[in-house]
Amino acid sequence: MKAIRQGDVILLPVQQIDGQKKRDLILAEGEVTGHKHQISEGQAELYEKDSTLYLRVLSDIALLTHEEHQAIPIPQGNWIVKIQREYEPEGWRYVAD
């Protein structure tokens, strides 16, 4: 499986998931707009360990949605959730969505 990207969120496949199960399926929230990258369809679970999120898609496909991006199907499997960063002369910063 390849990495999947939606805006500033990147999902990378992983073998195992660890952490505490979360109640929601929000992968990231916009600091300015309040928009959310979230699983809106399909069966999935979200876990958190040491400020890192892990997504387990249980159904064949789960749909990752965001108000400003096209919805993306996520295939069944285990994923680590990362927020994309970019380099500036002042140092690394997280990409704002």
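Everything numeric here is computed off the predicted structure, so don't read it as measured data.

### Notes on the overall build of the chain
Alright, step 1. For the chain, the count of helices and strands is zero helices and ten strands.
Alright, step 2. Taking all 97 residues of the chain together, the buried fraction comes to 36%.
Alright, step 3. Summarising the internal contacts of the chain: among those between residues at least 6 apart in sequence, 54% fall at separations of at least 24.
Alright, step 4. When the accessible surface of the chain is split by element, carbon and sulfur atoms take 44% of a total near 6400 Å².

### A closer look at the nonpolar core
Alright, step 1. Residues L11, L27, I39, L55, I74, W79 and V81 are the most contacted members of the largest nonpolar core, which totals 17 residues.
Alright, step 2. Listed by contribution, the elements that provide at least two residues to this core are strand 2 (9–13), strand 4 (26–29), strand 6 (44–49), strand 7 (52–66) and strand 8 (69–83).
Alright, step 3. At five residues, strand 7 tops the list of elements feeding residues into this core.
Alright, step 4. In contact with L27, not counting residues within four places along its chain, are V9, L11, H37, Q38, I39, L46, L53, L55, L64 and V81.

### Considerations on the pattern of salt bridges
Alright, step 1. Applying the stated rule across the entire model yields four salt bridges.
Alright, step 2. Measuring nitrogen to oxygen at the nearest pair gives 3.7 Å for the salt bridge that ties K22 to E48. Highlighted residues: K22 in the loop between strand 3 (20–21) and strand 4 and E48 in strand 6, separated in sequence by 26 residues.
Alright, step 3. For K22, a relative accessible area of 27% corresponds to the partly exposed category.
Alright, step 4. Take E48: its relative accessible area is 33%, and that puts it in the partly exposed class.
Alright, step 5. Linked through salt bridges whose partners overlap, the residues forming this network are K21, E45 and R56.

### Topic: the pairing of strand 8
Alright, step 1. In terms of strand pairing, strand 2 meets strand 8 through five bridges, oriented antiparallel. Across the sheet, I10 pairs through a bridge with K82, a residue of strand 8.
Alright, step 2. Where strand 7 and strand 8 come together, ten bridges link them in antiparallel fashion. Bridging across to strand 8, R56 finds its partner in N78.
Alright, step 3. With antiparallel pairing between neighbouring strands as the criterion, strand 7 and strand 8 make up a hairpin whose turn holds two residues.

Rules behind the numbers
- Residues numbered from 1 in each chain as written.
- Predicted model: local features only at pLDDT ≥ 70, side-chain atom pairs only at ≥ 80, totals over all residues.
- Heavy atoms only, no water.
- Helix = DSSP H or I, 4+ residues; strand = E, 2+ residues; numbered from the N terminus.
- Buried < 20%, exposed > 50% of the residue type's maximum accessible area, 1.4 Å probe, protein only.
- Contact = heavy atoms within 4.5 Å.
- Areas by Shrake-Rupley, 256 points an atom, 1.4 Å probe, with all protein chains shown as cover.
- Core = buried A, V, L, I, M, F, W, Y, C linked by side-chain atoms within 4.5 Å.
- Salt bridge = Lys/Arg side-chain N within 4 Å of Asp/Glu carboxyl O.
- Pairing = 2+ DSSP bridges.

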